[in-house]
Amino acid sequence: MRVSLKWLKKYVELPNDLTPKQIAYDLTLRTVEVEDVIDVKEKYNNIVVGKILEVKQHPNADKLRICIVDIGEEEPVQIVCGGSNLYVGEHVVVSKPGAYVVWHGEGEPVKIEKTKMRGESSYGMICGAEEVYLDAFYPAKSETEIVDLEGKGTPGQNISELVCMDDTVFEIDNKSLTNRPDLWGHYGIARELSVIYDLPLKELPKYEIDKNLPKYNVEIKDTEKCRRYVGVEIENVNIKESPMWMKADLLNAGMRPINLIVDITNYVMLAVGQPLHAFDRTHVEGNQIIVRNAKPSEKLLLLDDQEVQLTENDLVICDTEGPLALAGIKGGKKDSILDTTTGVLLEIANFSAPTIRQSEKLFDEKTDSSIRYEKNIDTERVDLGLSMALNMISEMFENSKIVAYGEVYPVKTEREVIDIPQEFLDIRLGKVLEQNTIEKILKALGYDVEYKNNIYHVTVPVWRSTGDVSLKDDVMGDIARILSYQSFEPKPLPVKFEHAVIQPKVLLERRLKEYLAFRCGFTEIYTYPWIDVKYINAARMDTTNSVRLATPPAPELANLRTSLIPGLLETVSKNLRYYNSFKIYEVAQVFEKGEYHESSEDETLPIHKKYLSGCIVDKDAKKIFYEIKGVIEGMNTYCHMENITLEQMEKPSWADINAYLSIKLNDEEIGTMGLVSVATMADAKIKRTNVAIFELNLDKLIPLASRTNKYENIPVLPLVEKDLSVIVDNNVTWETISSTINGKVKELEFIEEYKGEQIPEGKKSITFRFKLGNDETTLTSEQINEEMNRLVKLLNKKCEAYLREE
Amino acid sequence: MKEKLEQIKQFGIKQIEEAKTIEELTEVRKELTGKKSGLAEIMKTMGSLTPEERKEIGMQTTEIKNVFATKLDEKEEELISNKSVLDEPIDLTLPGTKTSKGVLHPLTQMYYDLNDAFASLGFEVFSEDDISSEKYAFDNLNFAPDHPARQMMDTYWIEGTEDKKANERLCLRPHLTGASVRYLLKHGAPARFVYPGQVYRNEDVDSGHERAFYQYEALIVDKNISFSSGIVMIQTILEKVFGRKINIRMREGFFPFVEPGYEIDMECLVCNGKGCKVCKHNGWLEIMPGGVIHPNVLKSAGLDPEEWTGFYINIGLERLAMMRYGIDDVRLFRSADLRFLEQFK
């Protein structure tokens, strides 16, 4: 919303030394956010009134004249001009060197310099209206015409003064006004300034309606939607242009001047926030207004020839024939004010916010009227609008005459009444304020206040009683903001250390993330919860159980993830353009259809699970399989959680036929790991590399209450470290070997698996390391050899292993 | 005899000085102080001397022995300190061996930092599920029944529920604030907790707008606290993120779930409050809303607004991270582009 400083000053006398910047700052801190302060004069810099003293034909150009012009400087200046309406004595608009003008009203403004035109020097330019932002004030009759100021102004006077554009505009963020219907007009903002600066707010003059006027027939069918309707029929209002000051005010508040009748309705709306509408009275059939819901098949033709299909929820203003206008939003073509209009029916009404919001859906954009009604305006404001409009009409149309008046007022906005204990204010404000400070602020804001028995009994002003202020907290907020929140000292938080913050589950998640990032070298990624169906298909996952978005960002993104793996596949494929080998992981929630009550039985949500999923990308498939297995095996120890184990169970849809395992916790499968299948990689456009993935349900992991590392005595006598390489059949697993000798040796560790030249076909060599010894005696070399032989024999018996010869 | 001794001394000193390795020096030591050394030879002839001569020569040999001992020790010290474990000098400018190159997402880093700071003030960490209902996302929070955010175009509603109402109309949560009521219903008051998380809005995406973003919200609920206590929470966030005290201001702002509500601005760090392009020349940047928990929200959480009050703050982590690191495109956070993420080690 744009607010004019000049306009505000009509209602509150702001001191001249108060800068616009300061006003903007104070409003921003206390009332609404001022986004910008615009000096309107700026664009008229160096554009002044000139008086033509002499006009001569240009010797070298038929269409150009040489003018000698008085521009208020010591000597008259010479300006070359092509205008068709130049004459001696004419007051014109001169852009001096340094001014910016828009050539022929088109394009970016250009700076004026001293120049020569066809050999004759020219000090600036005599301008047409469009060239210097004056078209609203001096509409040009032809393209070659320059502005004729008709003798107004004195040479040298800045043109902005002449057209009342010497103003400052505050650009206010509409979002900061959503809860304040009272601020959608200059008078409301002026009231705030009067409170902030402790200045009187001028009262608006009333207009007394003659009670003996004939009655205009008004009928309201739905009194919930239309709470008040006033229709005033006025004759002898022949269409004419608005005065300069009014045009300027409208322009600065962001509206184009049209004609005096329309301008008055807009002016009143911008002044007091009450929308008005003027019908040409001859277009209202039957001299009657009916406010009702539209019928199912009804249509309304708008001013721009657009026809809207109405619904039963839309409130319309009708005459005896049918709809004239969409209530509170737009007028129709039929009722419009034309150049031939001589009489009007003026509508000042109150429509409820929900009905306006409902009908706004018919259009993409809000109107100046609907944006105000949708904030919920009080019904008393009709009086402000009515008085101001009628005062203006009677002053500006001398022969105007009110011929009929009709009013229906079924629902009146009642003022809210609130009791506020002094103690409540003392505690919540964190500061004890004097009674008269509080009363002064509230009264200035329009509250009635009575203080009795330590209680403020307040009656809220009617313009704040439509939802904005209804609780003592609202009133407390009003006091605090006017004093400025800045004036309250920060207070320490209350201290209550009953127990330390210990949240094992929260900590476990962090340990896992840090383990993966810092110890295992994974990079954490964030992706969107909606998944491209292409990657879901690539992972061979089905979408029957997927939760879907009603209006997804794109049609292929409707499914919410049931697994993090499709997102990982997409990320891998994108990053392969820049990296050959990398590790990534993500922690996020996944969703599936189902029933779950997070907070209350009446709310049924789909199933949520928090998943942790990661992958390693590299050409060497075998290497990354064992690497990712190591990552999972290390989790137990490094993240202090109950042991997860690995076991081959059902193959995950995305996994290679030869390399997959399930992740288990206490006999329950909580995740999977494995190499990504050739088919999945092909569909996910992952080329010339391999991917090892794991995914597990983080919710299932159980953090240890404390650390479980167990101390064992450090051996008194040194242990002997030994390596052993045995040759076994290909199908003998490490698990078979290790379970055979575990318990017979200490610290058994797998070193290497080898197949190759020295190893017979169908066999493999397994090397492992272990320690021998006890705390009773130091082993002799004979004892060690004996022990080694026993181990080899045992392995030979259990898995037909034999010693690999070096 | 004296001359011979002098010769032995000079020759010995020269030998010591010329030794280049510990091994050579050991040889020299043997030669000079062993049984077959020149001095030992002389000592053997001492018997044929007069007592005076014996005394004099004796003194001289002792002196030479001492000189040798000192010189040998000095040389040994010198040679050891010049000894290297390396066979030859190495290129010290070659890079060191890389440590693990993993990294937490910059937004994770940010909220871990904030969690730590708030934990020190006794705040717990809470999280709500990503999908919520209109009841928790709007109704409980005092949003008007026809608030625009409830409409299709602003929130991601779940297919099949979009035309229902309240507890039956589900959405990807549009903000975190709904979680506050969930926590209070579960744990009651007094309470102090933070609840970081992703939220989702149906928006057009560009360098300044995202459909998913990370918010960080903190709430304290207690008896008899003043709104001015909330300032400590704001300062905690900013000091933790920027590493120093940041000037802030609180100004009037409207949000349905607070009364009174504030917009909180921080002094622009680019120009230190003097005014620049970044802060649109007013010296302040709007960074977070906050305010006193609305009585209707307390009622939704089953708490008596006459007894309890509280203070919310809510901050967008992307915005803070963008200011902290100078990032100019919000979409990078969810690009999963390693070229971006690896910069935050």
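In every chain, residue numbers begin from 1 and rise along the written sequence. Whichever chain is written first is A, and whichever ligand is written first is 1; the rest continue in order. Confidence filtering applies because this is a predicted model: local features only for residues at pLDDT of at least 70, side-chain atom pairs given and counted only at 80 or more, and all residues used for totals across whole chains, interfaces and linings.

### Some details on the overall build of chain B
Part 1: A run of H or I in DSSP becomes a helix once it reaches four residues, and a run of E becomes a strand once it reaches two; helices and strands are each numbered from the N terminus. Scanning chain B from N- to C-terminus turns up 11 helices and 9 strands.
Part 2: Our radius of gyration looks at C-alpha atoms and nothing else; its globule reference is 2.2 Å times the residue count to the power 0.38. Radius of gyration (C-alpha) of chain B: 40 Å, far over the 20 Å computed for a compact globule of 345 residues.
Part 3: Taken along its principal axes, the extent of the C-alpha atoms in chain B is 125 × 45 × 45 Å.
Part 4: For every residue, the other C-beta atoms within 10 Å of its own C-beta are counted; 20 or more classify it as buried, 12 or fewer as exposed, and values in between as partly exposed. C-beta atoms are placed from the backbone. Burial analysis of chain B (345 residues in total) assigns 43% to the buried set.
Part 5: Across chain B, the fraction of contacts at a sequence separation of at least 24, relative to all contacts at a separation of at least 6, is 66%. Here, residue contact means that the backbone-derived C-beta atoms of the two residues sit within 7 Å.

### Considerations on the interface of chain B and chain A
Much of the literature gives interface size as the accessible area that the parts lose upon coming together.
Part 1: Counting residues at the interface gives 66 residues for chain B and 72 residues for chain A.
Part 2: Per element, the largest residue contribution to the side of chain B that touches chain A is 5 residues, and it comes from strand β6 (residues 248–253) of chain B.
Part 3: As a working rule, the residues Ala, Val, Leu, Ile, Met, Phe, Trp, Tyr, Cys and Pro are called nonpolar, Asp, Glu, Lys and Arg charged, and the rest polar, with Gly in that last group. Considered class by class, the residues forming the side of chain B that touches chain A number 32 nonpolar, 14 polar and 20 charged.

### Details of the domain arrangement of chain B
Part 1: For the domains described, the bounds stem from an automatic or database domain assignment. Once the domains are mapped, chain B shows domain 1 (2–81) and domain 2 (106–344).
Part 2: Summarising the inter-unit geometry, the C-alpha centres of domain 1 of chain B and domain 2 of chain B are found 86 Å apart.

### Describing the sheet that holds strand β3 (residues 47–57) of chain A
Part 1: Whether two strands pair comes down to DSSP finding at least two bridges between them. The strand order β5-β4-β3-β6-β11 (chain A) describes an open sheet built from 5 strands, whose pairing is antiparallel. In this open sheet, the two edge strands, each paired with only one partner strand, are β5 (77–81) and β11 (125–126) of chain A.

### Digging into the sheet that holds strand β23 (residues 401–408) of chain A
Strands pair in a sheet through their backbones, by hydrogen bonds, and they do so in one of two ways: parallel or antiparallel.
All names here are of chain A.
Part 1: Taken in spatial order, the 4 strands line up as β15-β22-β14-β23 in an open sheet, and their pairing is antiparallel. The strands lining the two open edges of the sheet, one partner per strand, are β15 (276–280) and β23. Taking the axes of each pair of neighbouring strands and ignoring which way they run, one obtains an average angle of 20° across the sheet.
Part 2: Inspection of the sheet shows β15 paired to strand β22 (residues 344–351) by 5 bridges, in the antiparallel sense. Bridging across to β22, Leu276 finds its partner in Ile348. Axis lines are fitted through C-alpha atoms, for helices just across the contact stretch, and the angle between N-to-C directions can take any value from 0 to 180 degrees.

### Topic: the packing of helix α1 (residues 2–18) of chain B against helix α2 (residues 22–33) of chain B
Residues and elements named next belong to chain B.
Part 1: Put simply, α1 and α2 touch, their axes get as near as 9 Å, and they point 170° apart. Put simply, α1 runs roughly antiparallel to α2. Of the two elements, α1 crosses α2, and the hand of that crossing is left-handed. Mapping the contact onto sequence places Gly12, Gln15 and Ile16 in α1 and Val28, Glu31 and Leu32 in α2.
Part 2: Tallied by class, the residues present in the contact of α1 with α2 amount to 3 nonpolar, 2 polar and 1 charged. Each angle receives one of four descriptions, namely roughly parallel if under 35 degrees, roughly antiparallel if over 145, roughly perpendicular if within 65 to 115, and oblique otherwise. We call a crossing left-handed when the near helix sits turned anticlockwise from the far one by less than a right angle, and right-handed when that turn is clockwise.

### What about α1(B)?
Owing to its 3.6 residues per turn, the α-helix aligns residues three or four sequence positions apart on the same side.
Residue and element names in this part refer to chain B.
Part 1: Here α1 contains 17 residues, and its C-alpha end-to-end distance of 24 Å stays within 8% of the 24 Å for a straight helix at 1.5 Å per residue.
Part 2: Looking only at α1, the buried set comprises Ile8, Lys9, Gly12, Gln15 and Ile16. The buried side chains of α1 occupy one side of the element, clustering within an arc of 135° when seen end-on. Turned more than 90 degrees off the buried face of α1, the exposed positions are Glu3, Glu6, Gln7, Gln10, Lys14, Glu17 and Glu18.
Part 3: For α1, the elements touching its buried residues are α2, α3 (38–44) and α4 (51–81). The span one expects for a helix is its residue count, reduced by one, times 1.5 Å. Starting at the helix axis, one direction is taken to each C-beta atom, and the arc is that of these directions.

### Re the nonpolar core
All names here are of chain A.
Part 1: Definition of nonpolar core: a set of buried Ala, Val, Leu, Ile, Met, Phe, Trp, Tyr and Cys residues joined via C-beta atoms within 7 Å. Counting 277 residues, the largest nonpolar core has Ile79, Val93, Ile126, Val316, Ala327 and Ala389 as the members making the most contacts within it.
Part 2: A per-element tally of this core places helix α6 (residues 260–272) first, with 10 residues.
Part 3: In terms of nonpolar packing, the next biggest core, distinct from the first, is built from 11 residues, Val726, Val728, Val745 and Ile766 among them.

### Overview of helix α9 (residues 381–396) of chain A
Part 1: Spanning 16 residues, α9(A) covers 23 Å between terminal C-alpha atoms, matching the ideal 22 Å at 1.5 Å per step.
Part 2: Buried residues in α9(A) make contact with β14 (226–235), α6, β15 and β22 of chain A.

### Describing the pairing of β14(A)
All names here are of chain A.
Part 1: Where burial is concerned, most of β14 is hidden: 9 out of the 10 residues are buried.
Part 2: Both β14 and β22 contribute to a ladder of 8 bridges, which runs antiparallel. From the neighbouring strand, Tyr229 faces β22, where its bridge partner is Ala349.
Part 3: Here β14 runs beside β23; their pairing, made up of 7 bridges, is antiparallel. Within β23, the position partnered with Tyr229 by the bridge is Val408.

### Re the environment of A:Ile536
All names here are of chain A.
Part 1: Mapped onto the elements, Ile536 comes out in helix α14 (residues 533–538).
Part 2: Taking C-alpha positions, Ile536 is 69 Å from Ile393, a pair spaced 143 residues apart along the chain.
Part 3: Excluding its chain neighbours within four sequence positions, the residues that come into contact with Ile536 are Ile531, Met541, Thr543, Asn559 and Pro566.

### A word on the packing of helix α18 (residues 734–741) of chain A against helix α19 (residues 781–799) of chain A
Residue and element names in this part refer to chain A.
Part 1: Between α18 and α19, whose axes approach to 10 Å, the crossing angle comes to 135°. Taken as axis vectors, α18 and α19 run oblique relative to one another. Crossing handedness for the pair α18 and α19: right-handed. Contact residues: Thr736, Ile737, Thr740 and Ile741 in α18; Leu791, Leu794, Leu795, Lys798 and Cys799 in α19.
Part 2: Of the residues belonging to the contact of α18 with α19, the class tally is 6 nonpolar, 2 polar and 1 charged.

### Quick notes on unusual backbone geometry
Part 1: Cis geometry marks the peptide bond from B:Ala189 to B:Pro190; its omega dihedral reads 0°.
Part 2: Mapped onto the elements, B:Pro190 comes out in the loop between α7 (178–187) and β4 (191–200).
Part 3: A cis amide bond links B:Glu259 with the next residue in sequence, B:Pro260, at an omega value of -5°.
Part 4: Tracing the sequence through the fold places B:Pro260 in strand β7 (residues 258–267).
Part 5: The phi angle at A:Asp667 is positive, at roughly 70°, despite the residue not being glycine.
Part 6: Relative to the helices and strands, A:Asp667 resides in the loop between β31 (655–665) and β32 (668–676).
Part 7: Its identity is not glycine, yet B:Asn142 carries a phi of approximately 70°, on the positive side.
Part 8: Looking at the secondary structure, you find B:Asn142 in the loop between α6 (134–137) and β3 (170–172).
Part 9: For B:Asn142, a count of 20 C-beta atoms within 10 Å gives the class buried.

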